[in-house]
Amino acid sequence: MNSLKYLFLFLLIPFLGLSQTKDSRYQPKPYVQLKHPEWSKNATIYEVNIRQYTKEGTFKAFEKHLPRLKKMGVDILWLMPVHPIGEMHRKGKLGSYYSVKDFKGVNPDFGTLKDFKNLVDKIHSMGMYVVLDWVGNHSAWDNPLAKEHPDWYTKSREGNFQPTPWYDWDDVIDFDYNNPDFREYMTGVLKYWVKEANIDGYRCDVAGFIPVDFWENAREELDQIKPVFMLAEWESRDLYRKSFDMTYSWTLWDKLKLATTGEKGANALYEYMAHDVGSFPYDSYRMLFTDNHDKNSWEGNQYSNFGKGLETAMALCGTANGMPLVYSGQEAGLDRSLAFFEKDEIVWKDHKFYGMYQKLFDLKHKNQALWNGKWGGEMIRVTNDQMNDVLSFYREKNDNSVLSIFNFSDKSLPTSVDTKYYFGQYRELFTGKIFNIDSEKTTINLKPWEYLVLVKN
């Protein structure tokens, strides 16, 4: 009877003056116009520091780690820049990866072009993908472009080459994207590595310093070769429209640090969650992390930054909206800042973080609620009676559901969670403990810094 009533009301809508406008000016329009590679829908990402990864510091030596990373659940391998490093005004003995002497060359310390192509082929054969770190904002002082095309660079008032204004990047000089010939050259370089080495996309350094119209055209030309995946080292909505699949979530890192070692608790995170759901475009990807080469090199390490809340922060990055990143060595418990301009080999050892990432990544692959962009479920705020300290949210997609609860405090907290919409049986990801939720309020006794990832059976 009710269904007939609703059908009758629906048929009456046009006559009641309640029909929706068909004026195109008022129709919702999707902001993200690019098409993400289908394989990225439930992908994870891992940053590779070739220099520090092995004693040899070569592509060939790194290949031995691929089975371990595949088993951990890594999908995308982001390789830090592989190009020859400038010698003029070099920092340290070995210099910065990001001072590029030849955009089409390979750093001889890492191997040859053939070695690089073999590595890419090996990664592809294991069902993983490769994005190459690309430094488009500047070059080394001794890059041949400085002599061959000095007009492709910005100049100081005295007419001299200059580092990127306001930064202390004294080992590089700044490009000028107002020059169409330079834009054509750089687009050609991006296309070169996709064609020559069959890479799957790029992580683009300081992407926001480069005009958006350059990126939009470059993405279009790259996609004509193959569907690529583009990661911007930036955090901005405008890059999602036609340029980048994913940007950094620097903001979440800052808020997680405040929530943990900053002792601000879950309160520090709510604004981020609200903006993620309310202001970032639907179908945009955000990269979530507790470490990367910048944070590790200049701002401490995962332990000093997050203290006893590190695992809590890791679990949140593995279940919140976005793609989780692991930096080289994190899974082995990396507890120091790696030297950036010198050799500083990672100490590899068995560590519980490997298993933690493995469980989180396996869940992400299988549970559609945690997939990326439009393929995943929205983070729905779940209230509780300890909101200052406990963050809880629910994600659901196509009958896949995950309820995540995080105690961002050093206190034991009996917490009453509002579960009236989330009835069912859940299995906790890390312990296997069964939770039967069958009432509007569910009380859970949370230990200090405890996190629960409840997967609906």
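Conventions used here
- Residues numbered from 1 in each chain as written.
- Predicted model: local features only at pLDDT ≥ 70, side-chain atom pairs only at ≥ 80, totals over all residues.
- Heavy atoms only, no water.
- Buried < 20%, exposed > 50% of the residue type's maximum accessible area, 1.4 Å probe, protein only.
- Helix = DSSP H or I, 4+ residues; strand = E, 2+ residues; numbered from the N terminus.
- Pairing = 2+ DSSP bridges.
- Contact = heavy atoms within 4.5 Å.
- Axes fitted to C-alpha atoms, helices over the stretch in contact; angles between N-to-C directions.
- Polar contact = N/O pair within 3.5 Å; in protein donor to acceptor, adjacent residues only side chain to side chain.
- UniProt positions renumbered as here; feature names shortened; annotations may be inferred.
- Left-handed = near helix turned anticlockwise from the far one by under 90°.
- Nonpolar A, V, L, I, M, F, W, Y, C, P; charged D, E, K, R; others polar.
- Domains from an automatic or database assignment.
- Buried area = accessible area lost by both parts, 1.4 Å probe.
- Patch = residues over 30% accessible without salt bridge, like charges linked within 9 Å, V, L, I, M, F, W, Y side chains within 5 Å.
- Areas by Shrake-Rupley, 256 points an atom, 1.4 Å probe, with all protein chains shown as cover.
- Salt bridge = Lys/Arg side-chain N within 4 Å of Asp/Glu carboxyl O.

Visitor: Got a minute to help me understand the pairing of strand E13 (residues 400–407) in this structure?
Guide: Each regular strand carries side chains that alternate between the two faces of the sheet. Within E13, eight of the eight residues are buried, which leaves the element mostly enclosed by the surrounding structure. Burial along E13 is two-sided: Asn400, Val402, Ser404 and Phe406 and Ser401, Leu403, Ile405 and Asn407, pointing in opposite directions, are all buried. For strand E12 (residues 390–397) and E13, the ladder comprises eight bridges, and the chain directions are antiparallel. Among the inter-strand pairings, glutamate 396 is bridged to a residue of E13, identified as serine 401.

Visitor: What am I meant to see in unusual backbone geometry here?
Guide: Note on backbone geometry: most residues besides glycine have negative phi, and most peptide bonds are trans. Phi is positive for histidine 89, which is not a glycine, with a value near 60°. As for its placement among the helices and strands, histidine 89 is situated in the loop between strand E2 (76–79) and helix H5 (113–125). In the Ramachandran plot, asparagine 398 falls in the positive-phi region, its phi being about 50° despite a non-glycine side chain. Assignment of secondary structure puts asparagine 398 in the loop between E12 and E13. In this structure asparagine 398 comes out as exposed when scored by relative accessible area, which is 53%.

Visitor: Would you take a moment to explain the sheet that holds strand E15 (residues 424–428) for this structure?
Guide: Sheet strands associate in pairs through backbone hydrogen bonding, adopting either a parallel or an antiparallel arrangement. Here we have six strands laid out as an open sheet, ordered E11-E12-E13-E18-E15-E16, and antiparallel in their pairing. Every other strand in the sheet has two partners, leaving strand E11 (380–381) and strand E16 (434–437) as the edge strands with one partner each. In the sheet, E11 pairs with E12 via two bridges, with the strands oriented antiparallel. Within E12, the position partnered with isoleucine 380 by the bridge is tyrosine 394. Across the face of the sheet, helix H13 (residues 310–319) comes into contact with E12, E13 and strand E18 (451–456) while running at roughly 155° to E13.

Visitor: Any chance you could explain the side chain of serine 139 here in plain terms?
Guide: One can find serine 139 in strand E4 (residues 138–140). Using a relative accessible area of 0% as the deciding quantity, one classes serine 139 as buried. Reaching out from serine 139, the side chain makes a polar contact with the side chain of tyrosine 153 at a distance of 2.8 Å. Apart from residues lying up to four places away in sequence, serine 139 is in contact with Val100, Phe103, Tyr153, Asp171, Val172, Ile173 and Phe175.

Visitor: Please clarify how the UniProt feature "domain: Glycosyl hydrolase family 13 catalytic" (unreviewed entry) in the protein should be interpreted in this entry.
Guide: Here the UniProt-annotated "domain: Glycosyl hydrolase family 13 catalytic" (unreviewed entry) positions come out as residues 56–364. Annotation note: span residues 56–364, helix share 36%, strand share 12%, distance between end C-alpha atoms 33 Å.

Visitor: How should the packing of helix H7 (residues 180–197) against helix H8 (residues 212–223) be read in this particular structure?
Guide: Running from N to C, H7 and H8 point in directions that differ by 35°, and their axes come no closer than 10 Å. Read as a crossing pair, H7 and H8 show a hand that is right-handed. Note on element contacts: H8 touches H7 through Asp213, Phe214, Asn217, Ala218, Glu221 and Leu222, opposite Arg183, Met186, Thr187, Leu190, Lys191 and Val194. Residue classes in the contact of H7 with H8 are distributed as six nonpolar, two polar and four charged.

Visitor: How do you make sense of the domain arrangement of the protein when you look at a structure like this?
Guide: Put simply, an interface is often sized by how much accessible area is lost when its parts join up. When its domains are assigned, the protein resolves into domain 1 (38–335 + 343–375) and domain 2 (381–456). Averaged C-alpha coordinates put domain 1 and domain 2 at centres separated by 33 Å. Contacts between the two partners involve 31 residues from domain 1, matched on the other side by 23 residues from domain 2. Summing both partners gives a buried area of about 2,300 Å² for domain 1 against domain 2, and 65% of it is carried by carbon and sulfur. The largest contributions to the domain 1 side of the interface with domain 2 come from Tyr270, Thr312 and Ala369, which together make up 23% of the buried area.

Visitor: Could you clarify how one ought to interpret a nonpolar patch on the surface in this entry?
Guide: On the surface, Trp166, Tyr167 and Phe209 cluster together into a nonpolar patch covering about 440 Å² of accessible area. Tracing the chain through its elements places phenylalanine 209 in the loop between strand E6 (201–204) and H8. When its relative accessible area of 32% is taken as the criterion, phenylalanine 209 is described as partly exposed.

Visitor: Can you help me understand the sheet that holds strand E3 (residues 129–134) in this one?
Guide: The strand order around the closed barrel built from eight strands is E1-E2-E3-E6-E7-E8-E9-E10, with neighbouring strands paired in parallel fashion. Averaged over neighbouring strand pairs, the angle between their axes works out to 25° when direction is ignored. Sheet topology places strand E1 (residues 45–48) next to strand E10 (residues 323–327); three bridges connect them, and they run parallel. The partner of tyrosine 46 across the bridge, within E10, is valine 326.

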